[in-house]
Amino acid sequence: MSKRDELITKYAADIKDKIGQTPDMDLLTKVTIGCGPSIYNADASTVSGSDQSELDTVKNNFLIKKLGLADGPKLDEAIDTVLEKYGKSNRNKYRAVVYYLLTKHFGKEAIYN
């Protein structure tokens, strides 16, 4: 099993255990691949829910550039909703899982097809 496959398995377990959803493995795999090498870096692989610059990065680089959404308060609300669902007290919020949840939230799965 490759390192990436191990990470995808870990992310799927997070979605199942912490959010109580059965992950769409095909979409989770594509989102993880889309994250590129950041998934292998301890700092870059997670999202800090309390760091505003980190949340701005998620909004600008993922929601606006990748998913093609228009900037507005709905994006911040979606990020808050996803982080709340993932668990504010959960220290390790994996970037791939946050991106996966945001993709599902906005119904933008087709971007990864």
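Refer to the structure above for everything that follows.
Described below are features of the structure shown in this document. What you see is a predicted model, and the numbers here were worked out from it, not measured in a lab.

Counting residues in each nonpolar core, the largest one holds 33 residues, and the members touching the most others are Tyr11, Leu63, Val97, Val98 and Leu102. When contributions to this core are tallied by element, the ones reaching two or more residues are α1 (3-19), α2 (25-34), α3 (52-66), α4 (73-86) and α5 (95-105). Element by element, the count of residues in this core is highest for α5, at 7 residues.

Another aspect to go through is the pattern of salt bridges. The final tally for this structure, using the stated rule, is 6 salt bridges. A salt bridge links Arg95 to Glu54, with the shortest nitrogen-to-oxygen separation between them at 2.4 Å. With a gap of 41 residues between them, Arg95 in helix α5 and Glu54 in helix α3 connect regions that are remote in the sequence. Several salt bridges share partner residues, and in doing so they unite Lys59, Asp71 and Asp76 into one network.

What counts, and where the lines are drawn
- Residues numbered from 1 in each chain as written.
- Predicted model: local features only at pLDDT ≥ 70, side-chain atom pairs only at ≥ 80, totals over all residues.
- Heavy atoms only, no water.
- Core = buried A, V, L, I, M, F, W, Y, C linked by side-chain atoms within 4.5 Å.
- Buried < 20%, exposed > 50% of the residue type's maximum accessible area, 1.4 Å probe, protein only.
- Helix = DSSP H or I, 4+ residues; strand = E, 2+ residues; numbered from the N terminus.
- Salt bridge = Lys/Arg side-chain N within 4 Å of Asp/Glu carboxyl O.

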